[in-house]
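The primary structure of each chain is shown beneath.
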Amino acid sequence: MNYDPANIVTMPDGNMPGLPEAIRAAGHDIENHNSALYATDGPAVQAIIDAHNARPAALAQKIAELADHRWKKETGGLVVDNIAVETTDRSKTLVTGAMLMASQNPNATFKFKTTGGQHVQINSNAMIYMYAAMGAHVQACFAKEETIAAQLNALATWQEIVAFDINAAWSA
């Protein structure tokens, strides 16, 4: 090891999983000498460290993008028995209230407007079914987000994270 000051590197605080492996995979080594970290090629290893340190920020950004994507899918509506239904938070609240009414009165009917603005009327059983379909839709969106977040967390580099296509993963 060459203990030239040009080969001193600065490691980030905290645990950086995969960093030692990335340095070795690039054909370099790090050694502690007189309270300083020296690398076989200081500038090259520092570039690896800096790139590896960029991973947490890239991951946080991509996870935020994923949450926004999930929210758009969750609130983007769905079709239940050929009726286009909004799934905004307000719509979900209204359907939940109507489902409670339907569970108390099996003979009730419910009027509402579809996503396209068409007025429709459905019975209690259909309202309970719509409520269940909305709940399943929301849960499926959260489950998909969880699966994709795990895929993102498994990526080793910030470049892989930045390149990750959330739309393609959601469609898979």
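Heads up: the structure comes first, above all this text.
Described below are features of the structure shown in this document.

The rules behind each value
Residues numbered from 1 in each chain as written. Predicted model: local features only at pLDDT ≥ 70, side-chain atom pairs only at ≥ 80, totals over all residues. Heavy atoms only, no water. Helix = DSSP H or I, 4+ residues; strand = E, 2+ residues; numbered from the N terminus. Rg over C-alpha atoms; globule rule 2.2 N^0.38 Å. Buried < 20%, exposed > 50% of the residue type's maximum accessible area, 1.4 Å probe, protein only. Areas by Shrake-Rupley, 256 points an atom, 1.4 Å probe, with all protein chains shown as cover. Lys, Arg positive; Asp, Glu negative; His and termini not counted. Charge placed at Lys NZ, Arg CZ, Asp CG, Glu CD. Salt bridge = Lys/Arg side-chain N within 4 Å of Asp/Glu carboxyl O. Expected span 1.5 Å × (residues − 1). Arc of directions from axis to C-beta. Polar contact = N/O pair within 3.5 Å; in protein donor to acceptor, adjacent residues only side chain to side chain. Contact = heavy atoms within 4.5 Å. Axes fitted to C-alpha atoms, helices over the stretch in contact; angles between N-to-C directions. Parallel < 35°, antiparallel > 145°, perpendicular 65-115°, else oblique. Left-handed = near helix turned anticlockwise from the far one by under 90°. Nonpolar A, V, L, I, M, F, W, Y, C, P; charged D, E, K, R; others polar.

With that out of the way, let us pick up the overall build of the protein chain. What the protein chain contains, in helices and strands, is seven helices and seven strands. Each helix (α) and strand (β) of the protein chain, taken in turn from the N terminus, gives the series β-α-β-β-α-α-β-β-α-β-β-α-α-α. By the compact-globule yardstick of 16 Å for 172 residues, the protein chain is too spread out, its C-alpha radius of gyration being 26 Å. Over its C-alpha atoms, taken along the principal directions, the protein chain stretches across nearly 85 × 25 × 20 Å. Buried residues in the protein chain amount to 35% of all 172 residues. Accessible surface, the protein chain as shown: approximately 10,300 Å² in total, 54% of it carbon and sulfur. If you average the places of the 11 positive and of the 17 negative side-chain charges in the protein chain, the two averages end up 18 Å apart.

Scanning all chains against the criterion turns up six salt bridges. The shortest N-O distance in the salt bridge between D68 and K72 comes to 3.0 Å. Taken together, the residues D68 and K72, both in helix α3 (residues 55-74) and four residues apart, mark about one turn of the helix. Note that K92 and D89 form a salt bridge whose closest N and O atoms lie 3.2 Å from each other. Highlighted residues: K92 and D89, both in helix α4 (residues 89-104), separated by three residues, approximately one helical turn.

The subject of this paragraph is helix α2 (residues 42-53). The end-to-end C-alpha distance of α2 is 16 Å, a good match for the 16 Å that 12 residues give at a rise of 1.5 Å each. Taken residue by residue, α2 has G42, V45, Q46, I48, I49 and H52 as its buried positions. Taken down its axis, α2 places every buried residue within 155° of arc, on the same side.

This brings us to the environment of A60. Topologically, A60 is positioned in helix α3. A60 sits in the partly exposed class, given a relative accessible area of 49%. As for A60 and I49, which are separated by 11 residues in sequence, their C-alpha atoms are 18 Å apart.

End to end, helix α5 (residues 124-154) covers 45 Å across 31 residues, agreeing with the expected 45 Å (1.5 Å per residue, within 8%). S124, M127, M130, A133, M134, H137, V138, C141, E145, I148, A149 and L152 are the residues of α5 that are buried.

Along the polypeptide, T87 turns up in the loop between β5 (83-85) and α4. Within the structure, the side chain of T87 is placed 2.6 Å from the backbone oxygen of E74, a separation counted as a polar contact. Among the polar contacts made by the side chain of T87, one reaches the main-chain amide nitrogen of G77 at a distance of 2.7 Å. Residue contacts for T87: discarding those within four places in its chain leaves E74, T75, G76, G77, L78, K92, M134 and H137.

Attention shifts here to the packing of α3 against α5. Two elements in contact, α3 and α5, have axes whose closest approach is 10 Å; the angle formed by their N-to-C orientations is 165°. Taken together, the axis directions place α3 and α5 in an arrangement best described as roughly antiparallel. Judged by the twist between their axes, the crossing of α3 over α5 is right-handed. For the pair α3 and α5, the contacting residues are R55, L59, K62, I63, L66, A67, R70, K73 and E74 in the first and H137, V138, C141, F142, E145, I148, A149, L152 and N153 in the second. Here the residues of the contact of α3 with α5 sort into 10 nonpolar, two polar and six charged.

Moving on: the packing of α4 against α5. Two elements in contact, α4 and α5, have axes whose closest approach is 9 Å; the angle formed by their N-to-C orientations is 140°. The angle between α4 and α5 places the two elements in the oblique class. Here α4 and α5 pass one another in a crossing that is left-handed. Together, S91, K92, V95, T96, A98, M99, A102 and S103 of α4 and S124, M127, I128, M130, Y131, M134 and V138 of α5 make up the contact between the two elements. Residue composition of the contact of α4 with α5, grouped by class: 10 nonpolar, four polar and one charged.

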